[in-house]
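What follows is the residue order along each chain.
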Amino acid sequence: MLKISREDIQIIGEHSNWPEKSISKALREHVYSSKASWHRFISIFLLVLGVSFSILGIVFFFAYNWDSLHKFVKIGILESLVVLATTAVFFTWKKPLVQKIVLTASAMLVGVLYAVFGQVYQTGANAYDFFLGWTLFITIWAVVSNFPPLWVIYIGLINITVVLYAEQVANDWSEMFVFALLFSINTLFLVLFLWLPKFLPLKTSPGWFTNVLALTAISFSTIGIVKGIGVGHDDFLAVLAVMALVVYSLGIWYGLAMKKSFYLAIIPFSVIIILSSFLLHESDGAGMLLAIGVFIVISVSLLIRFLNKIQKIWTS
């Protein structure tokens, strides 16, 4: 189906005798959101906002009344809320989106329940145990629902668990190894969500979700390599650099093949940052700072020009 943008309609209207009524009709059909679309958006937005405020209200309720509540009351209230929210999923089967939002709220309440349990009994466990338990107990919900916001929470918990485990338990892990591991985990999730729908009867993930995963993975590789350049003497820096080179190359190929300009933007930006950090590590003199500034201006300008050019080619 041919997709017409606002700019296309404006250009055609300026260089033709297209009637004004026809232009308005084209804008309504191809550009403007319909009344039904706005109604659906507002309904979903208010539902998500209500669920979010409800969870925050529960958290602040326990924070304010902590000393006034018996430990069994604290845990009992949260357990009841988790059971009620999970049970509500079965009564909203006619509205799949509502089901998934309620299930996401249940996943958040599980985290609150673990936090309250840890405070009541002072288990003395490491912080990573909290996030690990939270992650394990919502795994089935994340897989069954296949709801992107819940997947964002789940993958975020995995990243936090890895970071805290490295800080509190695996003290022999080098910092570059941790960044390489985080880069691998997020890249793996990105590849799975991009390619599994092609082989399994799964719904294609929305663009914003895969973009968040790609940005997260590239952020870990960029930060890791930049820190490794400054520290040096770490064998896993070379491993991370090779991994980044392979993934970046595949990302550029995927962006060109699937016409995804987002990948063609964030990957070169990451390379620009890494090269700038390398030059700065070589010398921090005034001459080098000037050269780095010139390099950034020229490279970013060329990148923007390339993105504009290729975007015009794709839309022509």
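This text follows the structure it describes.
What counts and how
- Residues numbered from 1 in each chain as written.
- Predicted model: local features only at pLDDT ≥ 70, side-chain atom pairs only at ≥ 80, totals over all residues.
- Heavy atoms only, no water.
- Helix = DSSP H or I, 4+ residues; strand = E, 2+ residues; numbered from the N terminus.
- Buried < 20%, exposed > 50% of the residue type's maximum accessible area, 1.4 Å probe, protein only.
- Contact = heavy atoms within 4.5 Å.
- Areas by Shrake-Rupley, 256 points an atom, 1.4 Å probe, with all protein chains shown as cover.
- Core = buried A, V, L, I, M, F, W, Y, C linked by side-chain atoms within 4.5 Å.
- Phe/Tyr/Trp six-rings, centres within 6.5 Å; stacked < 30°, edge-to-face > 60°.
- Patch = residues over 30% accessible without salt bridge, like charges linked within 9 Å, V, L, I, M, F, W, Y side chains within 5 Å.
- Salt bridge = Lys/Arg side-chain N within 4 Å of Asp/Glu carboxyl O.
- Axes fitted to C-alpha atoms, helices over the stretch in contact; angles between N-to-C directions.
- Parallel < 35°, antiparallel > 145°, perpendicular 65-115°, else oblique.
- Left-handed = near helix turned anticlockwise from the far one by under 90°.
- Expected span 1.5 Å × (residues − 1).
- Nonpolar A, V, L, I, M, F, W, Y, C, P; charged D, E, K, R; others polar.
- 1 Å grid on protein atoms, 1.4 Å probe; cavity = no way out; pocket = protein on both sides within 12 Å on 5 of 7 lines; lining within 4 Å.
- Points joined across faces, edges and corners; volume = space filled by probe spheres on them.

Thoughts on the overall build of the protein
Phase 1: The secondary structure content of the protein amounts to 13 helices and 0 strands.
Phase 2: The N-to-C order of helical and strand elements in the protein reads α-α-α-α-α-α-α-α-α-α-α-α-α.
Phase 3: Burial statistics for the protein: of 316 residues in total, 33% are counted as buried.
Phase 4: The long-range fraction of contacts in the protein, counting pairs at least 24 apart against all pairs at least 6 apart in sequence, stands at 65%.
Phase 5: With the model as given, the accessible surface of the protein reaches about 19,900 Å², and the carbon-plus-sulfur share is 69%.

Topic: the nonpolar core
Phase 1: Formed by 63 residues in total, the largest nonpolar core has its most connected members in Ile-138, Trp-141 and Phe-189.
Phase 2: Discounting residues that sit within four places of it in the chain, Phe-189 has contacts with Trp-151, Tyr-154, Ile-155, Ile-158 and Leu-213.
Phase 3: Ranked by size, the runner-up nonpolar core spans 6 residues in total, among them Leu-264, Leu-303, Leu-307 and Ile-310.

Brief notes about the packing of aromatic side chains
Note on aromatic pairs: each is described by the distance of the centres and the angle between the planes.
Phase 1: Under the definition given, this model contains 17 aromatic pairs.
Phase 2: Plain terms: the ring middles of Phe-189 and Phe-193 are 6.4 Å apart, the flat faces sit at 20° to each other, and that makes the pair stacked. Here Phe-189 pairs with Phe-193, and both are found in helix H9 (residues 175–199), just 4 residues apart, close to one helical turn.
Phase 3: The exposure class of Phe-189 is buried, given its relative accessible area of 15%.
Phase 4: Residue classification places Phe-193 among the buried residues on the basis of a relative accessible area of 10%.
Phase 5: Grouping aromatic residues by their ring pairs yields a cluster made of Trp-151, Tyr-154, Phe-189, Phe-193, Trp-208 and Phe-209.

Focus on a nonpolar patch on the surface
Phase 1: Together, Leu-188, Val-191, Leu-192, Trp-195, Leu-196, Phe-199, Leu-200, Leu-202, Val-242, Val-246, Leu-250 and Trp-253 make up an exposed nonpolar region whose accessible area comes to about 1,100 Å².
Phase 2: Where the nonpolar patch is concerned, the elements lending two or more residues are H9 and helix H11 (235–258).
Phase 3: Here the element with the most residues in the nonpolar patch is H9; it accounts for 6 residues.
Phase 4: Assignment of secondary structure puts Leu-200 in the loop between H9 and helix H10 (207–231).
Phase 5: Accessibility expressed as a relative area gives 42% for Leu-200, which makes it partly exposed.

Focus on unusual backbone geometry
Phase 1: The residue Asn-146 is not glycine, and still its phi comes out positive at about 50°.
Phase 2: Its location among the elements puts Asn-146 in the loop between helix H7 (139–145) and helix H8 (148–168).

A few points about the packing of helix H6 (residues 127–137) against H8
Phase 1: Packing of H6 against H8 leaves a shortest axis separation of 8 Å and a crossing angle of 155°. With respect to their mutual orientation, H6 and H8 come out roughly antiparallel. Regarding H6 and H8, the two cross each other, and that crossing is left-handed. Across the interface between the two elements, Ala-127, Tyr-128, Phe-131, Leu-132, Trp-134 and Thr-135 of H6 pack against Tyr-154, Leu-157, Ile-158, Ile-160, Thr-161, Leu-164, Tyr-165 and Gln-168 of H8.

Considering the pattern of salt bridges
Phase 1: Under the criterion given, the structure shown has 1 salt bridge.
Phase 2: Here Lys-227 and Glu-175 are joined by a salt bridge, their closest N and O atoms 2.5 Å apart. Residue Lys-227 is located in helix H10, and its partner Glu-175 is located in helix H9; the two are separated by 52 residues in the primary sequence.
Phase 3: Since its relative accessible area comes to 35%, Lys-227 is described here as partly exposed.
Phase 4: A relative accessible area of 37% places Glu-175 in the partly exposed class.

Some words on H11
Phase 1: The end-to-end C-alpha distance of H11 is 35 Å, a good match for the 34 Å that 24 residues give at a rise of 1.5 Å each.
Phase 2: Every buried residue of H11 is listed here: Leu-237, Leu-240, Ala-244, Tyr-248, Gly-251, Tyr-254 and Gly-255.
Phase 3: Close packing links the buried residues of H11 with H9, H10, helix H12 (261–282) and helix H13 (286–315).
Phase 4: Residue Lys-259 follows H11 closely and has a positive phi angle near 60°.

Description of the packing of H12 against H13
Phase 1: Two numbers describe how H12 lies on H13: the axes approach to 10 Å, and their chain directions differ by 170°. Viewed along their axes, H12 and H13 adopt a mutual orientation that is roughly antiparallel.
Phase 2: Tallied by class, the residues present in the contact of H12 with H13 amount to 19 nonpolar, 4 polar and no charged.

As for the layout of surface pockets
Phase 1: Roughly 480 Å³ of volume is contained in the largest pocket.
Phase 2: As for the largest pocket, its lining consists of 24 residues, of which Leu-97, Lys-100, Phe-147, Pro-148 and Pro-149 are closest to the centre.
Phase 3: If you list the elements that add at least two residues to the lining of the largest pocket, you get helix H3 (35–64), helix H5 (96–121) and H8.
Phase 4: The residue inventory of the lining of the largest pocket, partitioned by class, reads 16 nonpolar, 5 polar and 3 charged.

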